[in-house]
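Chain and residue survey
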Amino acid sequence: MLALAAAAALPALAPLAAQDDGAAAPEPALAVDLERGLPAWRAIVAVLAHPRCANCHVEDNRPRWSGPSYGATRAHAFNVRRGADESGFGNPGLRCMTCHFETNSAKPHGPPGAPSWHLAPAEMAWFGKSSAEICAQIKDPERNGGRSLAEIAVHVRDDALVGWGWQPGPGREPAPGSAEATFAAIERWSAAGAPCPEPD
Amino acid sequence: MSRAGTITRRTLLVAAVAVAGGVAFGYYAYRKPYPNPLEAGLEAGEAAFNPYVTIGSDDTVTIIVPRAEMGQGVETTLAALVAEELDVALERVRIEHGPASPAYANIAMLKEGVPFPQFDESWLAELARDGIAVFGKFLGLQATGGSSSTVDAFVKMRRAGAAARETLKAAAGKTLNVAASSLQTADGRVTDPATGRSVSYGEVAQAAARLDPPAEPALKPREAWRLLGTALPRTDMRAKVTGAPIYGVDVALPDMLHATVRMNPHLGAPMRGMDAQAAEAMPGVVKVVPIAHRLGHGFAVVARSTWHAFRGADAVEADWAPATYPADDDGLWAAIEAAADESGFSLRDDGDVDVAFADAPRERLVEAEYRAPWLAHACMEPMNATARLADGRLEVWAPNQVPTLVQKLCAEAVGLPAEACTVHTTYLGGGFGRRLETDYAVYAALVAAETDGRPVKVTWTREEDTTHDAYRPAAYGRLRARLGDDGLPAAIDMKIASPSIMASMVPRIFPGVPLAGPDRSLVDGTFNQPYAVPDYRVEGVPVPLDLPVGYWRSVGYSYNAFFHECFLDEIAAAGGHDPVALRRRLMQPWPTAVNVVDTLAAMSGWQTPPGDGRARGIAFSACFGSWSGAVVEVAEGERGVRIERVWLAADVGTALDPRNIEAQLVSGAVFGLSAATGQEITFAEGRVAQSNFHDYDAMRIHQCPRFEVAVLETAPEMGGVGEIGTPPAIAALVNAVSALTGERLRRLPLSHAVTFA
Amino acid sequence: MRLTVDGRPIEIDAEPDMPLLWALRDLAGITGPKFGCGIAACGACTVLVDGQPVRACVMPVGAVEGAVTTIEGLAEGDALHPVQQAWLDEQVAQCGYCQAGQIMSAVALLAEIADPSDEEIDAAMGGNLCRCGTYPRIRAAIRRAARDGAGA
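Report follows, based on the coordinates. (Residues numbered from 1 in each chain as written. Chains lettered and ligands numbered in written order. Predicted model: local features only at pLDDT ≥ 70, side-chain atom pairs only at ≥ 80, totals over all residues. Heavy atoms only, no water.)

1. Considerations on the interface of chain B and chain A
With 8 residues of chain B at the contact, the number on the chain A side is 11 residues. Taking both partners together, chain B and chain A bury about 760 Å²; carbon and sulfur atoms supply 51% of that area. On the chain B side of the interface with chain A, the three residues burying the most area are Arg639, His694 and His702 of chain B, jointly 65% of the side's total. Counting the contacts that link chain B with chain A gives 1 salt bridge. Lys107 of chain A is paired through a salt bridge with Glu463 of chain B; the nearest N and O atoms lie 3.1 Å apart. A breakdown of the residues in the side of chain B that touches chain A according to their chemical character gives no nonpolar, 3 polar and 5 charged. (Contact = heavy atoms within 4.5 Å. Buried area = accessible area lost by both parts, 1.4 Å probe. Salt bridge = Lys/Arg side-chain N within 4 Å of Asp/Glu carboxyl O. Nonpolar A, V, L, I, M, F, W, Y, C, P; charged D, E, K, R; others polar.)

In structure tokens form, the structure reads like this:
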């Protein structure tokens, strides 16, 4: 049974494992263009901090629920957690994929779905973080899965679970823009030297 | 004021119902038994002894338990009453619910409705109880509710077993040619101890059933009980751990269709029209049927599977007329609070309350307002029923608490006499009072009238279930007390405003029947509590709202124990008394109550403070003939308040199955704690705002506290157990959380004020 | 469409987006898994697919890859599964409607953690709602099943 759980985790971790160490090297220094870079970042963080993304990028092991019928944003019910093994796939007996399959439930308040539904690692937390904090994390290979900005852009454009944020199923507000537009914004931001906003 | 002086205002509601039901009565007719409903359906070789026992020539003993098994363990306990006297092993008998019949009327449930406290043994209270028993006999209401099944059955089902045993002995005496009185019974055989010769029950059953049974056969003394008083393995347990098809939703019949209903979410209002074209074109959908009945207006989608029906129903466009009640919570609460300015009925008015408050100095006054919300039942098994209408006969399979009403209303709905309707009562996936209603069964009957004789199972979605309940009414309490120089309450004055359940329910069952007298349930848990206070008045004001309300586990006690017991804590605080000490003091005339409180104090270590960041609360409620209390301990945690420990003590007089009673007390407490922490039905745009477990959840395993339970048996009368855990658990929690936060909480659910982990 | 349920192959005529629960209940006549909410919020419909617990009320039948185990397939003849036996011994069920799902979640838990702590039980079972409040006995039954080697 443990083997099964590990196998289930593999597809999601594969992109990380496939990283070549060289790819995680710091970006070459570029002239920083705040006027072009900061608006691009604002477009990016509007996506990352949106509940469709941030609700599963949490620091404290509990995914969040939000939306009109939940009142204030709250912890996912049912004692759902990251998983004692830190995998992000839930706990034995109650995995994320016990309820979240590859497609959205058609019912209002039914579980949304996308391939390999799971929580992002805790170091990638966006929930409750400021724009500056998220920016610093995104650029930090120690905390972004060892990715270059170009790889992050491609991940955002192509990953099916990320893409769910714009196709979240009935009754949920999608993340702003689109996967393609966010990919383009990351490219623009990166080209402008990937400036981060001043901390609040 | 004397009790006799108020009797005319206490005209019993049920009286009106029984008369309008078309029965003429007299004492002779009352004594005459209903015919045995089992006579019609006997198998070859099977003999019926009375409405509770049949024995086959193959030695199969069948016991009828004519009460809904909805989790409370009634099947096991009631079957044991018969098996005890009949001298058969419980695991060897076949148990059936049996047919709908007035022979199975629940008299104890109605007795609990008389407007007197359970400990009132005055001639007037007893007269009322006897009177209601006569009415109940004529009403013939076979119902499971009011925590009354065991109390109702305790004598009559033991007598059924004993009468069958005595006739078996008489028949065996003839076979063995010895005096019946010398014979012994054990394990399904009659034995002559002198010779050792014996016959099995099956061998003499046919002959025995033709004999006249003794009118009042001797019952075994408690010392001789083999089964009663012990923890019996539940007779339904194996079916329930193996996934057996035992619930209403599991009914499967040849050629059966599946269906679902969507009724106007503006409760009670008509459907102006609908567009079902798209739905009827969908694969798997058979037809869309409009439904117009006083219980609800809407449509059913009939399909090849329940899922096809659900999908089809989503595609129907219905034009719903608006409801007649205020459209949102502000409007509803305004109506409730306005009603509290009117005068109502009083079932307790001791001393002279007006005089007591006339000259009360401010510093001796305690005043408070309490509010409790609407609640849904949220049974795990959504409402459903299956029906077949063919050849002038209607058959209904329904998980229900009221078989004779299901029979009457379903038959009426399709224009048949009640005798043309057979009701099969399945196990219930939860009842909690929701299945005292009949809407799910009536809709199934109406749909079956449109399926050309094919049976059809009608299953509601969870959303339909949550938004079309007969809700626990919201309630508002305006309470005041005057303290004496000793800090004890010298006068208490309570006014409770809430919609009347009787006023809502009776027209659903018996339209056109005039209502008379007060609805006692509105003030249950306030007027009838064992506290001696010289000037004590409780007034109930029914709020005229045309919104369906119904019986929810512990009914009026569910909100009134909260009002009463939390206000008592406020009185204790204002008067400088400990909550346990104050209760003990006021309860002195009722030692059974004092014993419950003392037991709780000892179990919970009340005298030892619970430590930093923790608090305890206590509450008591005399309800359903029992004496029930709870202590709840809560702790402040990182993610919110946790309910860590709960101590329950209840005096039930006689405990027939202590392990099951423990389960029922815990169950009732969890039910109450679920509601008190977070449940609330609200209204917006004329409809219920909540729809499913994401916004109307209940306690989960990780929120469940540790329980310790004491089942006491000092009370002279046997009380009920199914609901008595709920009222004190709610109130004790509020008292605990109020102590934890230092802020007196007067509104449920508590999630308005605190976060629970 | 072919499925393997409780060790038996079954053939059903279902659209791929039909939830597994309704394919089992209404098409295959396997009514052990119960309908409670339709949105994976109560756990009454829990079955195992390839040994992992899933909420059949939302899983599209077309997405099922692997063998399905329901409450009806746990016992071997008259011999109850150790988890069912523990439920019987602890007298867990009241109305019983949620218990098929509770038992399946417990089987899944014990398959991965042979001797779960209270914390691990709570983390596994929070998705299974019981309105009768049988949780204390569910905990006791899981501990008993663990002692009896249900997870081995």
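2. Things to note about empty space enclosed by the protein
Counted according to the given criterion, the structure contains 8 cavities of 30 Å³ or more. Roughly 80 Å³ of internal volume is contained in the second largest cavity. Taken together, Leu232, Arg234, Asp657, Arg659, Asn660 and Ala663 of chain B together with Gln91, Val92, Ala93, Gln94 and Arg137 of chain C form the lining of the second largest cavity. In terms of residues, the lining of the second largest cavity owes the most to one element, helix α21 (residues 658-678) of chain B, which gives 3 residues. (1 Å grid on protein atoms, 1.4 Å probe; cavity = no way out; pocket = protein on both sides within 12 Å on 5 of 7 lines; lining within 4 Å. Points joined across faces, edges and corners; volume = space filled by probe spheres on them. Helix = DSSP H or I, 4+ residues; strand = E, 2+ residues; numbered from the N terminus.)

3. Section: the sheet that holds strand β2 (residues 53-56) of chain B
Residue and element names in this part refer to chain B. What the 4 strands build is an open sheet, ordered β1-β2-β3-β4; its pairing is mixed. One side of each edge strand has no neighbouring strand; the edge strands of this open sheet are β1 (46-50) and β4 (94-96). Neighbouring strand axes in the sheet, compared pairwise and without regard to direction, differ in orientation by 25° on average. Sheet topology places strand β3 (residues 61-64) next to β4; 3 bridges connect them, and they run parallel. The residue of β4 that forms the bridge with Ile64 is Glu96. Against the sheet, helix α4 (residues 74-86) touches β2, β3 and β4, its axis set at about 130° to β3. Against the sheet, helix α8 (residues 201-209) contacts β1 and β2, and its axis sits at roughly 60° relative to β1. (Pairing = 2+ DSSP bridges. Axes fitted to C-alpha atoms, helices over the stretch in contact; angles between N-to-C directions.)

4. Some thoughts on the pairing of strand β2 (residues 8-11) of chain C
Residues and elements named next belong to chain C. As defined by bridge partners, strand β1 (residues 2-5) adjoins β2 across 4 bridges and the pair is classed as antiparallel. Counterpart to Arg2 in the pairing with β2 is Glu11. Between β1 and β2, which pair antiparallel in sequence order, lie 2 residues; one of them, Asp6, sits at a positive phi of approximately 50°.

5. Comments concerning the interface of chain C and chain B
The interface of chain C with chain B comprises 52 residues on the first partner and 62 residues on the second. Across the chain C to chain B interface the summed buried area is about 4500 Å²; carbon plus sulfur atoms make up 58%. At the junction of chain C with chain B, the criterion picks out 7 salt bridges. Of the charged contacts in the structure, one is a salt bridge between Asp13 of chain C and Arg304 of chain B, with a shortest N-O distance of 3.6 Å. Between chain C and chain B we count 33 residue pairs in polar contact (both at pLDDT 80 or more) in total. Looking at the side of chain C that touches chain B, the elements with two or more residues in it are α1 (20-27), α2 (82-89), α3 (99-112), α4 (118-125) and α5 (135-147) of chain C. Ranked by residue count, the leading element in the side of chain C that touches chain B is α5 of chain C, at 5 residues. A class-by-class count of the residues in the side of chain C that touches chain B yields 28 nonpolar, 12 polar and 12 charged. (Polar contact = N/O pair within 3.5 Å; in protein donor to acceptor, adjacent residues only side chain to side chain.)

6. A look at helix α7 (residues 149-176) of chain B
All names here are of chain B. Look at α7: 39 Å from first C-alpha to last across 28 residues, which is about the 40 Å you get at 1.5 Å a residue. Along α7, the largest kink reaches about 35° and is centred on Val155. Note on α7: the residue one or two positions beyond its end, Asn177, has a positive phi of about 65°. (Expected span 1.5 Å × (residues − 1). Bend = angle between axes of the 7 residues up to and from the residue.)

7. Here we look at unusual backbone geometry
Here Leu748 of chain B and Pro749 of chain B are connected by a cis peptide whose omega angle stands at -5°. Position of Pro749 of chain B relative to the elements: it lies in the segment after α22 (726-741). Unlike most non-glycine residues, Asn61 of chain A shows phi in positive territory, near 80°. Considering the arrangement of structural elements, one finds Asn61 of chain A in the loop between α3 (51-54) and β1 (64-65). The phi dihedral of Val555 of chain B is positive, around 50°, even though this residue is not glycine. On the secondary structure map, Val555 of chain B appears in the loop between β21 (535-542) and α18 (557-575). Looking at Val555 of chain B, the relative accessible area reads 10%, which means it is buried. (Buried < 20%, exposed > 50% of the residue type's maximum accessible area, 1.4 Å probe, protein only.)

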